[in-house]
Structure formats: structure tokens, C-alpha cells
Amino acid sequence: MSPRDILAALSVAVVWGLTFIAIKVGVGETSPLMLSALRFIFAAFPFVFFVSPPKAPALTVALYGLLIGVGQFGLLFIAIHQGFPVGLASLVVQAQAFFTVALAWIFLRERPMRAQLIGAAVAIAGMMVIGSARLAGASFGPFLLVILASFFWGSGNVLAKTVGKVDMLAFTVWSSLAAPLPLILLSLAVDGPGPLIGLAHPSLKLVLSVLVVAYAGTVFGFGVWARLLMHYSAATVAPFALLVPVVGMVAGSVVFGEPLRPVELFGAVLVMAGLALNVFGDWLLRRRTAVLR
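The model shown is predicted, which means the values in this text are computed figures rather than measured ones. (Residues numbered from 1 in each chain as written. Predicted model: local features only at pLDDT ≥ 70, side-chain atom pairs only at ≥ 80, totals over all residues. Heavy atoms only, no water.)

Draft legend 1. Highlighting a nonpolar patch on the surface. Taken together, the side chains of Phe45, Phe49, Phe50 and Leu177 define a hydrophobic patch exposed on the protein surface, amounting to about 470 Å² of accessible area. Position of Phe50 among the secondary structure elements: in the loop between helix H2 (32–44) and helix H3 (58–81). (Patch = residues over 30% accessible without salt bridge, like charges linked within 9 Å, V, L, I, M, F, W, Y side chains within 5 Å. Areas by Shrake-Rupley, 256 points an atom, 1.4 Å probe, with all protein chains shown as cover. Salt bridge = Lys/Arg side-chain N within 4 Å of Asp/Glu carboxyl O. Helix = DSSP H or I, 4+ residues; strand = E, 2+ residues; numbered from the N terminus.)

Here you go:
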């Protein structure tokens, strides 16, 4: 990856880590399904009036919006609303990196390089270290929801790779149109009309939460992310998201007082080491081989 794209991937990881704070605030102001609907309404508007539709099959664009909007964020927001810690949620949802690599291997024949597999193993070890310290106090239901959310995220990543070279801002904006209606209908079915009626007088916290998750988390984050997936293999891009829980846990600790223990810091170091191996490991192996020759 070029230095510019490495910086872009790192910036997305930081932004996504911080959006977990906004999500926690938002689900305290409205229902999780309505918050997810608002996220994608504002990710689409007003941009759809200024951005031409992407040159991709409409069904693919809509399916991506459903996978990310309803599958990933609908389930993730419900889990956080049910009390799943945001720091732990930011960690567990990064199972998407491994779902992405596995699905790309199965459906796109993108075989990971040796260094990427080693880096993934190290990063998984780091996630297990952190998870062993945090999961003891978390209920299984919300945990399963986050795992399912990560699967939908990985599926969306692989689908995004199949569209070829298109305007990824347009792809992100127009795909966002697919999510709000089913999310609103699900919210009405699950929560009744209360959350929809409450939008007549939204709180300032809700407004700020929606702006952050819509424009920073979705338009910027997923726009840049999809562009990176278009130019690089899934095994190269997906592990950058493993930095999200590092940011999310630190932010959760600072803002909400969620505990951050030494064992979790050690796990975070392993995650970052795995990412470093993923990005630079193959280059180092090639250089070492060249020197030995």
C-alpha cells in the first residue's frame, strides 16, 4: 500500500473508533433501529441531489446498503442499546476482518499471503486476550448480535469489491438509500410509533450523534474504505479495522469510565503488531530473502 493509502486506512480506523461514543449517546436518545435509519438517511441526503448514481448494478448497490445498514448497524446498535460495552463492541465487531478475508478467499479466490496469515493470527490472539478479560461480564445475546453484525460487514466488504472501479462516494451515498425504509419499518414493528413521533422534537445529543455517525462514520469512513477495497486485496485492507477497538476502548474508558486493564493494553499491542505484520510483513520477508541470496 502507498503511504497515502496507509494513512487513509488509519484515519478511517480512528474515526470509526470514535463513532462508538456517538452510537452510545444516540441509543440513549432513540431506539437503536431508528438511530440506524437516521444514520443512513443523512448519509444519503443531501448528497443524492449532487452526486450521480454509481456505474454499478442497482441491485448490488441496494444489497450493499442492506448488508451494511440493516445487517451490520441495525444489529450492532441493538447490542449496544442492550448494554453491551462500546469498547468491547468495537473489538468484537472487528471479526469482520476475518470474515472479509475468508469470504474473499472463497468467492473471489483472493488467497492471503503468508505474512498476512501470520499477522491475522497475531491480531486474533490480541482480540482473544482482550475478549477474555471483557467477555466474562457480558451477556451472550448481545455478543451474538455483534458477531452477526461483523459477518454482515464482511459480506458487504466482499460485495463492494465486485463492483469494479466506480465512484465510491457515489456508491456509499446511493447505497445508503436502501437502508432507512426497512429500518423504520422494523423500528415500528419492534418499538411502536414512539421513536418516530419523538423525532418531532429531537434532543441536541441525538442530532450530534446522527451527524457524527452519518457524515464521519458512513460518508467518509465507508467511502474511503470501499475505495481501498477496490484497489487492494481484502486481506490487505480489512485488518486495518483491527485498530478500531484500540481507539474504541480508550475512548470508552475516557468518556464512559469503562475499565481499561493492563491485560487489555497487552492485547491491543498484539492487535497493532498483527496489523504491522499484515502491512509490512511481506515486504520484510522479500527483503530478507533478497539479502540471504
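Draft legend 2. View of empty space enclosed by the protein. What the rule picks out here adds up to 3 cavities of 30 Å³ or more. Put simply, the largest cavity is a space of about 70 Å³. What lines the largest cavity is Trp16, Thr19, Phe20, Ile23, Arg39, Gln72, Phe73, Leu76, Gln94, Trp153, Phe222 and Val244. Those elements that provide at least two residues to the lining of the largest cavity are helix H1 (3–26) and H3. Among the elements that take part in the lining of the largest cavity, H1 stands out by supplying 4 residues, more than any other. Among the residues making up the lining of the largest cavity, the classes are represented as 8 nonpolar, 3 polar and 1 charged. Empty space within the second largest cavity amounts to approximately 50 Å³. Looking at the second largest cavity, the residues that line it are Phe40, Tyr64, Gly65, Ile68, Thr172, Ser175, Ser176, Thr218 and Phe222. If you list the elements that add at least two residues to the lining of the second largest cavity, you get H3, helix H8 (168–175) and helix H11 (204–231). No other element matches the 3 residues that H3 contributes to the lining of the second largest cavity. Split by residue class, the lining of the second largest cavity holds 4 nonpolar, 5 polar and no charged. (1 Å grid on protein atoms, 1.4 Å probe; cavity = no way out; pocket = protein on both sides within 12 Å on 5 of 7 lines; lining within 4 Å. Points joined across faces, edges and corners; volume = space filled by probe spheres on them. Nonpolar A, V, L, I, M, F, W, Y, C, P; charged D, E, K, R; others polar.)

Draft legend 3. Seen up close, the nonpolar core. By size, the foremost hydrophobic cluster in this structure holds 75 residues, and its most contacted members are Phe20, Leu76, Ile80, Phe84, Trp153, Phe171 and Trp225. The leading source of residues in this core is H3, at 10 residues. Not counting residues up to four positions away in its chain, the partners in contact with Phe171 are Pro54, Val61, Tyr64, Ala160, Val163 and Val166. (Core = buried A, V, L, I, M, F, W, Y, C linked by side-chain atoms within 4.5 Å. Buried < 20%, exposed > 50% of the residue type's maximum accessible area, 1.4 Å probe, protein only. Contact = heavy atoms within 4.5 Å.)

Draft legend 4. How the structure looks around the pattern of salt bridges. Summed over the entire model, instances satisfying the criterion amount to 2 salt bridges. Salt-bridge contacts for Asp5 lead to Arg227; the nearest nitrogen and oxygen are separated by 3.1 Å. You can see Asp5 sitting in helix H1 and its partner Arg227 sitting in helix H11, a full 222 residues away along the chain. Residue class for Asp5 comes out buried when judged on its relative accessible area of 8%.

Draft legend 5. A look at the packing of H3 against H8. Where H3 contacts H8, the two axes come as close as 8 Å, and the packing angle between them is 65°. Between H3 and H8, the angle is such that the two are roughly perpendicular. Crossing geometry of H3 relative to H8 is assigned as right-handed. Packed against H3, whose contacting residues are Val61, Tyr64 and Gly65, the element H8 presents Phe171, Trp174 and Ser175 at the interface. The residue inventory of the contact of H3 with H8, partitioned by class, reads 4 nonpolar, 2 polar and no charged. (Axes fitted to C-alpha atoms, helices over the stretch in contact; angles between N-to-C directions. Parallel < 35°, antiparallel > 145°, perpendicular 65-115°, else oblique. Left-handed = near helix turned anticlockwise from the far one by under 90°.)

Draft legend 6. Inspection of the environment of Thr60 at higher detail. Here Thr60 lies in helix H3. Setting aside chain neighbours within four positions, we find Thr60 in contact with Leu159, Thr162 and Val163.

Draft legend 7. Expanded view of the side chain of Thr100. Along the chain, Thr100 turns up in helix H5 (residues 96–108). Since its relative accessible area comes to 0%, Thr100 is described here as buried. Within the structure, the side chain of Thr100 is placed 3.0 Å from the side chain of Asn157, a separation counted as a polar contact. Those residues in contact with Thr100, other than ones at most four positions away along the chain, are Gly154, Asn157, Val158, Ala234 and Ala238. (Polar contact = N/O pair within 3.5 Å; in protein donor to acceptor, adjacent residues only side chain to side chain.)

Draft legend 8. Layout of the packing of aromatic side chains. All told, the structure shown has 12 aromatic pairs when counted by the stated rule. A centroid spacing of 5.7 Å and a plane angle of 45° characterise the contact between Phe45 and Phe49, whose relative ring orientation is tilted. A ring pair is formed by Phe47 and Tyr215, whose centres lie 5.8 Å apart and whose planes are at 80°; its orientation type is edge-to-face. Within this pair, whereas Phe47 is found in the loop between H2 and H3, its partner Tyr215 is found in helix H11, the two being separated by 168 residues in sequence. Residue Tyr215 is classed as partly exposed on the basis of its relative accessible area, which comes to 27%. Aromatic ring contacts, followed pair by pair, group Trp16, Phe40, Phe73, Phe77, Trp153, Phe222 and Trp225 into a single cluster. Above the face of the Phe73 ring, Arg39 is positioned so that its terminal group lies 3.7 Å from the ring centre. (Phe/Tyr/Trp six-rings, centres within 6.5 Å; stacked < 30°, edge-to-face > 60°. Lys NZ or Arg CZ within 6 Å of the ring centre and 35° of its normal.)

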